[in-house]
Amino acid sequence: VAQECLYHREKRMSIDLVHDDVEKQLLQEVDCIKSCQERMRRHLDRTAAQLASNRAAQHELERDISDKQSAFRIDDKCQNLRNTSDGIGYYRGVERIDATISVPETWAKFTDDNILRSQSERAASAKLREDVENLLNVTSNEMWNQFNRVNVMFTNRISESADAKNKLQSHLAKTLQEIFQTEMTIEAIKKAIKDKMAPMRVAQTRLDERTRRPNVELCRDTAQIRLVHEVQEIDDTIQVLQQRLREAEDTLQMLVHTKANLEHDLSIKANSLFIDQEKCMGMRKSFPSTPRLVGYT
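Every residue gets a number counted from 1 within its own chain, in the order that chain's sequence is written. In keeping with the model being predicted, local features are shown solely for residues with a pLDDT of at least 70 and side-chain atom pairs are shown and tallied solely at 80 or more, while totals for entire chains, interfaces and linings include all residues. Side-chain numbers come from the whole structure's heavy atoms, not from hydrogens or water.

> Explain the pattern of salt bridges here, please?
If charged atoms from side chains of opposite charge come close, those side chains can pair. Here, a salt bridge means any side-chain nitrogen of Lys or Arg that lies within 4 Å of a carboxyl oxygen of Asp or Glu. Per the stated rule, a full pass over the model turns up 19 salt bridges. A salt bridge links Arg157 to Glu160; the shortest N-O distance between them is 3.4 Å. Residue Arg157 and its partner Glu160 are located together in helix α3 (residues 104-210), separated by three residues, close to a single helical turn. Where Lys191 meets Asp195, a salt bridge forms, and the shortest distance between an N and an O atom there is 3.1 Å. Here the residue Lys191 and the residue Asp195 both occupy positions in helix α3, the gap between them amounting to four residues, near one helical turn. Of the residues examined, Asp195 reaches a relative accessible area of 42% and is grouped as partly exposed. Several salt bridges share partner residues, and in doing so they unite Arg12, Asp20, Glu23, Arg157 and Glu160 into one network. By the criteria applied, helices consist of DSSP H or I runs no shorter than four residues and strands consist of E runs no shorter than two, each listed in order from the N terminus. The rule is simple: take the accessible area with a 1.4 Å probe, protein chains only, and divide by the maximum for that residue type; under 20% is buried, over 50% is exposed, in between is partly exposed.

> Quick question: what am I supposed to make of a nonpolar patch on the surface here?
Exposure above 30% relative accessible area and no salt bridge define the residues that can form patches, which grow by joining like charges within 9 Å and nonpolar side chains of Val, Leu, Ile, Met, Phe, Trp and Tyr within 5 Å. Where accessible areas are quoted, they stem from the Shrake-Rupley method and a 1.4 Å probe; at the residue level, only the protein chains shown are allowed to cover. A contiguous nonpolar surface patch, about 360 Å² in accessible area, is contributed by Tyr91, Val94 and Ile97. Along the chain, the position of Val94 falls in the loop between α2 (21-79) and α3.

> I would appreciate a short explanation of the side chain of Ser272 in the present structure.
Mapped onto the elements, Ser272 comes out in helix α4 (residues 222-284). Taking the relative accessible area as the measure of exposure, Ser272 reaches 2% and is therefore buried.

> Help me understand the confidence of the model for the chain in this model?
Every residue gets a pLDDT, meaning the predictor's confidence in that residue, from 0 to 100. Averaged over all residues, the pLDDT of the chain equals 88, while 97% of them reach at least 70. For the chain, per-element mean pLDDT is lowest for helix α5 (residues 290-294), which scores 68, and highest for α2, which scores 93.

> Before we go on, may I ask you to explain the packing of helix α1 (residues 2-9) against α2 in this structure?
For every element, the axis is a line fit to its C-alpha atoms; helices are fit only across the contacting stretch, and the angle between N-to-C directions ranges from 0 to 180 degrees. As a packed pair, α1 and α2 sit with axes 9 Å apart at the nearest point and diverge in direction by 150°. Here α1 is positioned roughly antiparallel relative to α2, judged by the angle of their axes. α1 and α2 meet at a crossing whose hand is left-handed. Contacts from Ala2, Gln3, Cys5, Leu6 and Arg9 of α1 reach α2 at Val22, Glu23, Leu26, Leu27, Glu29, Val30 and Lys34. In this classification, Asp, Glu, Lys and Arg are treated as charged, Ala, Val, Leu, Ile, Met, Phe, Trp, Tyr, Cys and Pro as nonpolar, and every other residue, Gly included, as polar. For the contact of α1 with α2, the per-class residue count stands at seven nonpolar, one polar and four charged. Note on angle classes: values under 35 degrees are labelled roughly parallel, values over 145 roughly antiparallel, values of 65 to 115 roughly perpendicular, and the remainder oblique. Each helix crossing is assigned a hand: it is left-handed if the near helix lies turned anticlockwise from the far helix by less than a right angle, otherwise right-handed if that turn is clockwise. By the convention used here, residues are in contact when the closest approach between their heavy atoms is within 4.5 Å.

> Would you take a moment to explain the UniProt feature "coiled-coil region" (unreviewed entry) in the chain for this structure?
UniProt positions are given in the numbering used here, feature names are shortened, and annotations may be inferred rather than shown by experiment. The feature "coiled-coil region" (unreviewed entry), as given by UniProt, occupies residues 231-265 in the numbering adopted here. Across residues 231-265 one finds 100% helix and 0% strand; the C-alpha atoms that close the span lie 50 Å apart.

> Mind showing me how you'd approach the environment of His59 here?
Structurally, His59 is set in helix α2. Taking the C-alpha atoms as reference, His59 lies 141 Å from Arg213; in sequence the two are 154 residues apart.

> Help me understand α4 in this model?
One turn of the α-helix equals 3.6 residues, which is why residues spaced by three or four share an orientation. Helix length check: α4, at 63 residues, gives a terminal C-alpha distance of 89 Å against a target of 93 Å (1.5 Å per residue), a fit within 8%. Note on bend: the value at a residue is the angle between axes fitted to the seven residues ending there and to the seven starting there. Along α4, the sharpest kink reaches roughly 25°, centred on Ile275. To estimate how far a helix should reach, multiply one less than its number of residues by 1.5 Å.

> What am I meant to see in the environment of Gln242 here?
Tracing the chain through its elements places Gln242 in helix α4. Residue classification places Gln242 among the partly exposed residues on the basis of a relative accessible area of 29%. Taking the C-alpha atoms as reference points, Gln242 and Ala192, 50 residues apart in sequence, are found 9.8 Å from one another.

> Would you explain unusual backbone geometry in this entry?
The phi torsion of most residues other than glycine is negative, and most of the peptide bonds are trans. Non-glycine residue Ser14 carries a positive phi angle of around 50°. With respect to the helices, strands and loops of the structure, Ser14 is situated in the loop between α1 and α2. What makes Ser14 exposed here is its relative accessible area of 53%. Of note in the backbone geometry, Asn215 takes a positive phi value of approximately 50° without being a glycine. Here Asn215 shows up in the loop between α3 and α4. Residue class for Asn215 comes out exposed when judged on its relative accessible area of 72%.

In structure tokens form, the structure reads like this:
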């Protein structure tokens, strides 16, 4: 689960592909689980060796019991032999054959040694079972605590990403509003420029017509002066409007660029949120319970 989370988080994009606290804790979780597994393997090897020793001790006890049962049956048969018993016969020279390999002291010591070995192996088994039980409790606590630390980091990261996403959405909404208002302003300026065209044509047409006055009638009278001023004023106004139009269009381009950046950042945050919240935290729900980690189920 921890490694899958790391693999999924490699699919984060751009600025979100960062070595954050979540990744650090996930790497620690992997190391923690591997450490626990290694300690369990060592105890498993000890358990296998102890099991072999137990079976060896059991085998010696079973062989000793079997030998004693055989000896008991032979001695019981010998005790019950009488002069009138069937199966008795001469075995000349048998008294000169000494097939014994032990004396009462070594015979008793052999059995005592087997019993002591059995007791020792049983004590070692009990101690090993206790060690294994403690190991399972310790490792389960370590893994569970690290699991919770990772989840806390995931929760914090998800909260941070959600806040960042909300702020980006808020900025995007404001940017869209600004774009709309700027577009309206551009349309209004274009309309204002267009509205100035007709008065400009009228004033220039009047001036053009007055150039056809004959002889001395070509007088620089008040009407002529006012017409010239009117053309200049209209032209200055159009120049100002065109400057404002260029500024508004530049602002619109900047806002469109900002909108594209915000949408890109939003897609990055949405992707990161999906990975952390849905894929990673969704998988982590299957993390084993403490009883399962200890091996009770």
